[in-house]
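Each chain, written out:
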Amino acid sequence: GTVFLIFAGGALLLASIGIYAVVAQTTARRTREIGMRMALGATSPSIQRLVVGRGLKQLAVGSALGLAIAFAVMRLARELLYGVSPTDPVVFGSVVAIIAVVGLLACWLPARRAAALDPLKALRHD
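The structure contained in this document is the topic of the report that follows. (Residues numbered from 1 in each chain as written. Predicted model: local features only at pLDDT ≥ 70, side-chain atom pairs only at ≥ 80, totals over all residues. Heavy atoms only, no water.)

With that out of the way, let us pick up the nonpolar core. Ranked by size, the top nonpolar core spans 13 residues in total, and within it Ile19, Val23, Ile34, Ile47, Val51, Cys107 and Ala114 carry the most contacts. The greatest single-element share of this core, amounting to 5 residues, is contributed by helix H4 (residues 89-115). Leaving out residues up to four positions away in the same chain, Ile47 has contacts with Ile34, Arg37, Met38, Ala42, Ala114 and Ala115. (Core = buried A, V, L, I, M, F, W, Y, C linked by side-chain atoms within 4.5 Å. Buried < 20%, exposed > 50% of the residue type's maximum accessible area, 1.4 Å probe, protein only. Helix = DSSP H or I, 4+ residues; strand = E, 2+ residues; numbered from the N terminus. Contact = heavy atoms within 4.5 Å.)

Under the 1.5 Å per step criterion, the end-to-end length of H4 is 38 Å for 27 residues, consistent within 8% with the ideal 39 Å. All buried positions along H4 are accounted for by Phe92, Gly103, Ala106, Cys107, Pro110, Ala111, Ala114 and Ala115. Contact partners of the buried residues in H4: helix H1 (2-29), helix H2 (31-39) and helix H3 (44-74). (Expected span 1.5 Å × (residues − 1).)

Below, the discussion takes up the pattern of salt bridges. As enumerated under the stated definition, the model contains 2 salt bridges in all. A salt bridge links Arg30 to Glu33; the nearest nitrogen and oxygen atoms lie 2.9 Å apart. Residue classification places Glu33 among the partly exposed positions, given a relative accessible area of 29%. With a closest N to O distance of 3.0 Å, Glu33 and Arg37 form a salt bridge. On the criterion of helical spacing, the pair formed by Glu33 and Arg37 is a turn pair, its members being 4 residues apart in helix H2. Note on Arg37: relative accessible area 38%, which makes it partly exposed. Salt bridges here are not isolated pairs; linked through shared partners, they connect Arg30, Glu33 and Arg37. (Salt bridge = Lys/Arg side-chain N within 4 Å of Asp/Glu carboxyl O.)

This is how it looks when you write it as structure tokens:
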């Protein structure tokens, strides 16, 4: 159990870094667009909602695919589980909730940085 917990913590750390990196890279590529939106009157909260919303859409698709794959794989790992059914809804629900919270934080950090952009500097960005 301890080994699984260590690997799960490492996987959660890698997933959060990956989500952050993807959202940060996507946001950096859209610097000019964000600058244009801000120059035309978009507020900081609306920019944050834009970036977080796009990141959460990707997170939702990834979570749905991950759940489907996990249901398929857990049938193979039935012998390794003691006292828990392979498709325990509490376990799957808590894992999705933890990943959603970590993903929200990983999306919020680049969104906060994007909302703090100076529109003039963003428009000149190459």
